There are 2 protein chains.
Amino acid sequence: MSNVFKALSDPTRRRVLELLRQKSMTAGELAEHFEFSKPTMSAHFAVLKVAGLVEAEKQGKQVIYRLKMSVLEDALFGFAKTFGLSVQPEKETKS
Amino acid sequence: MSNVFKALSDPTRRRVLELLRQKSMTAGELAEHFEFSKPTMSAHFAVLKVAGLVEAEKQGKQVIYRLKMSVLEDALFGFAKTFGLSVQPEKETKS
DNA sequence: TAGATTATTAGCTAATTAACTAATTGTTGT
DNA sequence: ACAACAATTAGTTAATTAGCTAATAATCTA
């Protein structure tokens, strides 16, 4: 739980999660969206991985990162429940 | 937003919020629930205050802390929305 | 006014964080 | 085998964090 909130406490990492929500991406592809050095971004990815919020799959020389939505959901849910709040998938909006 | 998640990333502070959810309390009353020194607890309160999650009211020599539930709710909501999740007050359970 | 009480501030330490550059690892293509 | 590429690790730095004790501030009460 602490690891999840720690991970979410940095805006860069929150943005990474948002990007991954759109689609899974390689480390390099993700890094292109930011001005930080690649090693710095790699460290951010590691924090997200420790928190369980993303998973990494090596494909050739690249590493594909995927958002683990259920972990994010469960973490928010578990915390929110303590405060009498519920977290649920939003109702669909018409496209 | 970062300040809120930063505040929530520490288990002691999360516990403080839970306690305040039951009822508002003075700094000393809160501190009794923990083994840390009072200055350490005071620092935790300050972090929560900066995040806007609690408010402090001085009453005589004591300081009463109150949970600002709406701030917590809005922060979770704002974040969750980005990921297609909704946060709402839970349905009442029968007492 | 002096003492007791409540809480915070000051000042310290050890550990962690977020950033960088340089070096390394692992994989692909020639 | 070697060069190029993708990503991470190593090593450094400055800033922040979470804990402590001691000191201070503010308020009450005898």
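Residues numbered from 1 in each chain as written. Chains lettered and ligands numbered in written order. Predicted model: local features only at pLDDT ≥ 70, side-chain atom pairs only at ≥ 80, totals over all residues. Heavy atoms only, no water.

Chemist: I'd like a description of the interface of chain A and chain B, backed by residues and values.
Modeler: The interface is formed by 28 residues belonging to chain A together with 28 residues belonging to chain B. Overall, the association of chain A and chain B removes approximately 2,700 Å² of surface from exposure, summing both partners, and the carbon and sulfur fraction of that is 69%. For the pair chain A and chain B, the number of links is zero salt bridges. Joining chain A to chain B, the criterion identifies six residue pairs in polar contact (both at pLDDT 80 or more). For the side of chain A that touches chain B, the elements supplying multiple residues, two or more each, are helix H1 (2-8), helix H2 (11-22), helix H5 (69-82) and strand E4 (85-89) of chain A. (Contact = heavy atoms within 4.5 Å. Buried area = accessible area lost by both parts, 1.4 Å probe. Salt bridge = Lys/Arg side-chain N within 4 Å of Asp/Glu carboxyl O. Polar contact = N/O pair within 3.5 Å; in protein donor to acceptor, adjacent residues only side chain to side chain. Helix = DSSP H or I, 4+ residues; strand = E, 2+ residues; numbered from the N terminus.)

Chemist: Can you break down the sheet that holds strand E3 (residues 62-67) of chain B residue by residue, with the values?
Modeler: Residues and elements named next belong to chain B. Taking strand neighbours across the sheet as the criterion, the three strands line up as E1-E3-E2 in an open arrangement whose pairing is antiparallel. Edge positions in the sheet fall to strand E1 (25-26) and strand E2 (54-59), since each has one partner strand and no second. Here E2 runs beside E3; their pairing, made up of six bridges, is antiparallel. Note that in E3 the partner of Gln59 across the bridge is Gln62. Along the sheet, helix H4 (residues 38-50) makes contact with E2 and E3, crossing E2 at roughly 120°. (Pairing = 2+ DSSP bridges. Axes fitted to C-alpha atoms, helices over the stretch in contact; angles between N-to-C directions.)

Chemist: Can you explain the nonpolar core? Please cite residues and give values.
Modeler: Counting 56 residues, the largest nonpolar core has A:Leu53 and B:Leu53 as the members making the most contacts within it. Excluding residues within four positions of it along the chain, A:Leu53 makes contact with A:Val4, A:Ala7, A:Leu8, A:Leu17, A:Leu48, A:Arg66, A:Leu67, A:Lys68, A:Val71 and A:Leu72. (Core = buried A, V, L, I, M, F, W, Y, C linked by side-chain atoms within 4.5 Å. Buried < 20%, exposed > 50% of the residue type's maximum accessible area, 1.4 Å probe, protein only.)

Chemist: Please provide a residue-by-residue account of the protein's contact with DNA strand C, values included.
Modeler: Around DNA strand C there are 20 residues in total, and A:Thr40, A:His44, B:Gly28, B:Ser42 and B:Tyr65 lie nearest to it. Of all DNA strand C atoms lying within 4 Å of any protein atom, the proportion belonging to sugar or phosphate reaches 78%. Between DNA strand C and the protein, one listed contact pairs a phosphate oxygen with a side-chain N or O atom of B:Ser42 at 2.8 Å. Sorting the residues of the surface near DNA strand C by element identifies helix H4 (38-50) of chain A together with helix H3 (27-31), H4 and E3 of chain B as the ones contributing at least two each. (Near = heavy atom within 4 Å.)

Chemist: Give me the relation of the copies chain A and chain B: which residues, what numbers.
Modeler: Mapping chain A onto chain B calls for a rotation angle of 180° and an axial translation of 0.0 Å; the resulting RMSD is 0.0 Å. Taken together, the turn and the small shift mark the pair as related by a two-fold rotation axis. Looking at the rotation axis and the C-alpha trace of chain A, the residue lying nearest is A:Val87, at 2.3 Å. A share of 100% of interface residues in chain A that are also interface residues in chain B marks the association as one of identical surfaces. (Least-squares fit on C-alpha atoms with pLDDT ≥ 70 in both.)

Chemist: Let's hear about the protein's contact with DNA strand D: which residues, and what values?
Modeler: In the vicinity of DNA strand D lie 20 residues, with A:Gly28, A:Ser42, A:Tyr65, B:Thr40 and B:His44 positioned nearest. Of everything in DNA strand D that lies within 4 Å of the protein, sugar and phosphate atoms constitute 80%. Contributing elements (two or more residues each) for the surface near DNA strand D: helix H3 (27-31), H4 and strand E3 (62-67) of chain A together with H4 of chain B. Here the surface near DNA strand D is built from residues that sort into six nonpolar, eight polar and six charged. (Nonpolar A, V, L, I, M, F, W, Y, C, P; charged D, E, K, R; others polar.)

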